[in-house]
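# Summary of structural features
Listed below are the residues making up each chain.
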Amino acid sequence: MPTPDEEPRMFTLRILTQLASDVRREEWDALVADESPFLEWGWLASLEEARCVGGRSGWSPQHLALFEDDRLVAACPLYLKTNSEGEFVFDYAWANAAHGAGIEYYPKLLVGVPFTPVAGRRFLVAKHLHRPGIVKMLGKALRDLCDENEVSSVHVNFCADDEAEALAEIGFSERLGFQYKWRNRGYGAFEDYLAALRHKRRKEVRRERRELASQGIEIATVRGSEIPDELFAPMYELYLTTVDKYVHGRRYLTKRFFDLLRERFRPNLTFITARHAGELVAGTFNVQKGGALYGRYWGTHQEIRFLHFNVCYYATIEHCIRDGLERFEPGAGGEFKWLRGFDPEPTRSMHYLRDPRLAAAVQRFVQAEKREVDRVMLAMLEQSQIKREAAGADLEDDAG
């Protein structure tokens, strides 16, 4: 926001319903800069053009954009939601409570990336502007949109710490969660990563890698321009094997989306494949940017023992070490990740409920939930430190 000795800035707020036609890619990505790859025009516009969002998907793009003299200077990916699918910050209990109180919960407004539980900044702000003030401005605009259109609520999922703090100052409630993430602690090779695990776990990982290799499975990593065109269709088929396996699985993504990513997003992609006798049997679809790798989709045509851990974790960690990446974020869920050297890290989301009765109930809920999340995370982090110290002692014993 302008300081007292500055001329007042003239801003205009607009709603963008189609990124491909409403804003130039260069303008949008200039705001994204080094932030999450999932905020880039190539990802979000491809979701829209491939009909993964819009129509009957429950996700209607309503991106909030701030212009200064017709120049895009701030924005956030915003959707009008008619369901709670594909969000990963679960509010079904809130919807049920609203229904029981006679409050219409849908539609609602959601700031986030569809089907993508990756934390990071949600408000894109040009560097020449005062970021905290602009985040508050956009937060107030979201709140006004909610009130004026009689929408039940606004949800800002998996946001950054500075955004959570700014939104809390204007009446949003914070919800805390956690995800397991792998951090590169200066490892020079995969064996250095193993050295941070307890002796028993190291033996298990080595055995799982040996047994998969003994079955003739060959694992390879291809990145960016190295990815052949003909691999995108098989990766889509692998994606379907996972979502079709579970009752709760949803085909959120389309083949057209994978085709568009091939054209627009290939530099950010890293595929890990598993082949038997030259035939593709499994693979993972990962996104890479800066010092981070994000695991997104996994699939397999054959149920082979230890295949999942090898392709989704061991080969991926090996790639991160080889490329000097700082962290690997494999996505939501999975306490088994903790056993393999992933530590819990907090995620934050912010929520504004228009009806004061529902707002009060949600505030009580998130406060109780936060106490439990804090307790679980503290216990797991303490155990992680104990395990790392014990791993060092194990190595000394092994050497002795």
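Just so it is clear, the model here is predicted, and its values are computed rather than measured.

### Overview of the overall build of the protein
Looking only at helices and strands, one finds 12 helices and 15 strands in the protein. The C-alpha radius of gyration of the protein comes to 22 Å, within 12% of the 21 Å expected for a compact globule of 400 residues. Looking at the 400 residues of the protein, the share that counts as buried comes to 52%. Total accessible area on the protein stands at roughly 18,500 Å², and carbon and sulfur atoms take up 49% of it. The centroid of the 55 positive side-chain charges in the protein is displaced by 4 Å from the centroid of its 61 negative side-chain charges.

### What about helix H5 (residues 131-148)?
Taking 1.5 Å of rise per residue, the 18 residues of H5 would be expected to cover 26 Å, and the 25 Å separating its terminal C-alpha atoms lies within 8% of that figure. Residues of H5 that are buried: Arg131, Gly133, Ile134, Val135, Leu138, Gly139, Ala141, Leu142 and Cys146. Directly after H5, the chain includes Glu150, whose backbone phi takes a positive value near 55 degrees.

### Concerning the pattern of salt bridges
Evaluation of the coordinates by the stated rule reveals 38 salt bridges. Here Glu40 ties to Lys289 by a salt bridge, and the two come within 2.7 Å at their closest N and O atoms. A residue pair is termed long-range when its members are at least 10 positions apart, and Glu40 in the loop between helix H2 (25-32) and helix H3 (41-49) and Lys289 in strand E12 (residues 279-289) qualify at 249 residues. On the accessibility criterion, Glu40 (12% relative accessible area) is buried. A relative accessible area of 16% places Lys289 in the buried class. The network of salt bridges with common partners includes Glu35, Arg121, Arg131, Asp162 and Glu163.

### Focus on the packing of H5 against helix H6 (residues 161-168)
Relative to each other, H5 and H6 sit at 55 degrees, their axes nearing to 9 Å. Taken together, the axes of H5 and H6 lie oblique to each other. In this structure, H5 crosses over H6, and the sense of that crossing is right-handed. On H6, the residues touching Arg131, Pro132, Val135, Lys136 and Gly139 of H5 are Asp162, Glu163, Ala166 and Leu167.

### Quick look at the state of the cysteines
In this structure the tally under the stated criterion is zero disulfides. Cys159 supplies the cysteine sulfur nearest to Cys76, a cysteine that is in no disulfide, at a spacing of 11 Å. Residue Cys146 stays outside any disulfide, its sulfur separated by 14 Å from that of Cys76, the closest cysteine. Residue classification places Cys146 among the buried positions, given a relative accessible area of 0%.

### Here's the deal with the pairing of strand E9 (residues 173-183)
Taken across its 11 residues, E9 has eight buried, putting it largely inside the fold. Looking at chain direction, E9 and strand E15 (residues 343-353) are connected through nine bridges and run antiparallel. Its bridge partner lying in E15, Leu176 is registered against Arg348. Sheet topology note: the E9/strand E14 (residues 327-329) ladder contains two bridges and is antiparallel. Bridge pairing in E14 links Trp182 to Phe328.

### Things to note about the environment of Val125
Its location among the elements puts Val125 in strand E7 (residues 124-125). Taking the C-alpha atoms as reference, Val125 lies 6.0 Å from Leu31; in sequence the two are 94 residues apart. Ignoring sequence-local partners within four residues, the contact set of Val125 consists of Leu31, Val73, Ala74, Arg131 and Ile134.

### Describing the side chain of Lys81
Along the chain, Lys81 turns up in strand E5 (residues 78-81). Its relative accessible area of 0% is what places Lys81 among the buried residues. A polar atom in the side chain of Lys81 sits 3.1 Å from the backbone oxygen of Asn83. Separated by 2.5 Å, the side chains of Lys81 and Glu87 make a polar contact.

### Comments concerning the sheet that holds E14
In spatial order, the strands read E2-E5-E6-E8-E15-E9-E14-E13-E12-E11-E10; together these 11 strands make up an open sheet with mixed pairing. The open sheet is flanked by strand E2 (59-61) and strand E10 (217-223), the only strands paired with a single partner. For this sheet, the mean angle separating the axes of adjacent strands, direction not counted, is 30 degrees. Sheet analysis places E2 next to E5, joined by three bridges and oriented antiparallel. By the bridge assignment for E5, Trp59 is matched with Lys81.

### Observations regarding the nonpolar core
Core analysis: the largest hydrophobic core is formed by 80 residues, its most contacted members being Trp28, Trp43, Leu253, Phe257, Leu269, Phe271 and Phe285. The element best represented in this core is helix H9 (residues 232-243), accounting for seven residues. In this structure Trp28 touches Leu16, Leu19, Val23, Leu39, Glu40, Trp41, Leu44, Leu72, Ala75 and Leu124, once residues within four positions along its chain are discounted. Leu194, Ala274, Ala282 and Leu307 belong to the second largest nonpolar core, which has 32 residues in total.

Here is what the cut-offs are and how they apply
- Residues numbered from 1 in each chain as written.
- Predicted model: local features only at pLDDT ≥ 70, side-chain atom pairs only at ≥ 80, totals over all residues.
- Heavy atoms only, no water.
- Helix = DSSP H or I, 4+ residues; strand = E, 2+ residues; numbered from the N terminus.
- Rg over C-alpha atoms; globule rule 2.2 N^0.38 Å.
- Buried < 20%, exposed > 50% of the residue type's maximum accessible area, 1.4 Å probe, protein only.
- Areas by Shrake-Rupley, 256 points an atom, 1.4 Å probe, with all protein chains shown as cover.
- Lys, Arg positive; Asp, Glu negative; His and termini not counted.
- Charge placed at Lys NZ, Arg CZ, Asp CG, Glu CD.
- Expected span 1.5 Å × (residues − 1).
- Salt bridge = Lys/Arg side-chain N within 4 Å of Asp/Glu carboxyl O.
- Axes fitted to C-alpha atoms, helices over the stretch in contact; angles between N-to-C directions.
- Parallel < 35°, antiparallel > 145°, perpendicular 65-115°, else oblique.
- Left-handed = near helix turned anticlockwise from the far one by under 90°.
- Contact = heavy atoms within 4.5 Å.
- Disulfide = S-S within 2.5 Å.
- Pairing = 2+ DSSP bridges.
- Polar contact = N/O pair within 3.5 Å; in protein donor to acceptor, adjacent residues only side chain to side chain.
- Core = buried A, V, L, I, M, F, W, Y, C linked by side-chain atoms within 4.5 Å.

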